[in-house]
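Read off the chains here:
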Amino acid sequence: QVQLVESGGGLVQVGGSLQLSCAASGRPFSSYAMGWFRQTPGKEREFVAAITWSGIGTKYADFVMGRFTISRNGGANTVALQMNSLKPEDTAVYYCVEGKSTSTLAAGEGVTSWGQGTQVTVSS
């Protein structure tokens, strides 16, 4: 069983930046993709970004393209999400996920593990 633990959420003003981190443990991860989803009250969870475990391939949701960057440190089994130029609509609970591939995660499918979530609040 894999464990995913997020950190780095918080309160930030519009236009500010935050970096989320996710530490994975429990078994080898060399064949899995990692990523981030988010959820706001009353809405379904939505895909944000994903990265292959090699770190070579990435996918992003259109609404974060150019503002968010996903990266990984394979040696430390961690994945980070750098969020810049934050907007009020980015306010959500952000979840670290593991999945079979970046393509399935980008389609909103194929999540094999979820973290507990971390709150990001962007104030205007």
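Residues numbered from 1 in each chain as written. Predicted model: local features only at pLDDT ≥ 70, side-chain atom pairs only at ≥ 80, totals over all residues. Heavy atoms only, no water.

A.B. asks: Help me understand the pairing of strand S1 (residues 3-7) in this model?
C.D. replies: The two faces of the sheet receive side chains in turn, since in a regular strand these alternate between them. Residues Leu4 and Glu6 point to one face of S1 and are all buried, whereas Gln3, Val5 and Ser7, pointing to the other face, are not buried. In this structure, S1 lies alongside strand S3 (residues 18-25), joined through five bridges in antiparallel fashion. Within S3, the residue paired with serine 7 across the bridge is serine 21. (Buried < 20%, exposed > 50% of the residue type's maximum accessible area, 1.4 Å probe, protein only. Helix = DSSP H or I, 4+ residues; strand = E, 2+ residues; numbered from the N terminus. Pairing = 2+ DSSP bridges.)

A.B. asks: Could you clarify how one ought to interpret the packing of aromatic side chains in this entry?
C.D. replies: Each aromatic ring pair is characterised by the separation of its centres together with the angle its planes make. Going through the model one piece at a time under the given rule, you end up with three aromatic pairs. When the ring of tyrosine 95 is compared with that of tryptophan 114, the centres are 5.9 Å apart and the planes differ by 90°; the resulting orientation is edge-to-face. Of this pair, tyrosine 95 sits in strand S9 (residues 92-99) while tryptophan 114 sits in strand S10 (residues 111-114), and the two are 19 residues apart along the sequence. On the basis of relative accessible area, tryptophan 114 is assigned to the partly exposed category, the value being 36%. Among the aromatic residues, ring-to-ring pairing joins Phe37, Phe47, Tyr95 and Trp114 into one connected group. Of note, arginine 45 hangs over the ring of tyrosine 95, and the distance from its end group to the ring centre comes to 3.9 Å. (Phe/Tyr/Trp six-rings, centres within 6.5 Å; stacked < 30°, edge-to-face > 60°. Lys NZ or Arg CZ within 6 Å of the ring centre and 35° of its normal.)

A.B. asks: What should I look at first to understand the sheet that holds S1 in this one?
C.D. replies: Hydrogen bonds along the backbone pair up the strands of a sheet, which may run parallel or antiparallel. Reading across from one edge, S1-S3-S8-S7 is the order of the four strands in this open sheet, with antiparallel pairing throughout. Strands at the two margins of the open sheet, each flanked by one partner only, are S1 and strand S7 (68-73). Adjacent strand axes in the sheet meet at a mean angle of 15° when their direction is disregarded. Bridge count between S3 and strand S8 (residues 78-83): six bridges; the pairing is antiparallel. Within S8, the position partnered with cysteine 22 by the bridge is valine 79. (Axes fitted to C-alpha atoms, helices over the stretch in contact; angles between N-to-C directions.)

A.B. asks: Would you mind going over the state of the cysteines with me for this structure?
C.D. replies: In protein chemistry, a disulfide is the covalent bond that joins the sulfur atoms of two cysteines. This model, assessed by the stated rule, comprises one disulfide. Covalent S-S linkage joins cysteine 22 and cysteine 96, the inter-sulfur distance amounting to 2.0 Å. Across the S-S bond of cysteine 22 and cysteine 96 the torsion is about -80°, and the bridge reads as left-handed. You can see cysteine 22 sitting in strand S3 and its partner cysteine 96 sitting in strand S9, a full 74 residues away along the chain. Residue cysteine 96 is classed as buried on the basis of its relative accessible area, which comes to 0%. (Disulfide = S-S within 2.5 Å.)

A.B. asks: So what exactly am I meant to see when it comes to the nonpolar core here?
C.D. replies: One recurring pattern in soluble globular proteins is that nonpolar side chains are buried together. Ranked by size, the top nonpolar core spans 33 residues in total, and within it Met34, Trp36, Leu81, Met83 and Tyr94 carry the most contacts. Breaking this core down by element, the ones donating at least two residues are S3, strand S4 (33-39), strand S5 (46-51), S7, S8, S9 and strand S11 (118-123). At five residues, the largest contribution of residues to this core is made by S5. With sequence-adjacent residues up to four places away left out, tyrosine 94 is seen in contact with Glu6, Leu20, Trp36, Phe37, Arg38, Val48, Phe68, Leu81, Met83, Gly117, Thr118 and Val120. (Core = buried A, V, L, I, M, F, W, Y, C linked by side-chain atoms within 4.5 Å. Contact = heavy atoms within 4.5 Å.)

That is the geometry; function is a separate question.
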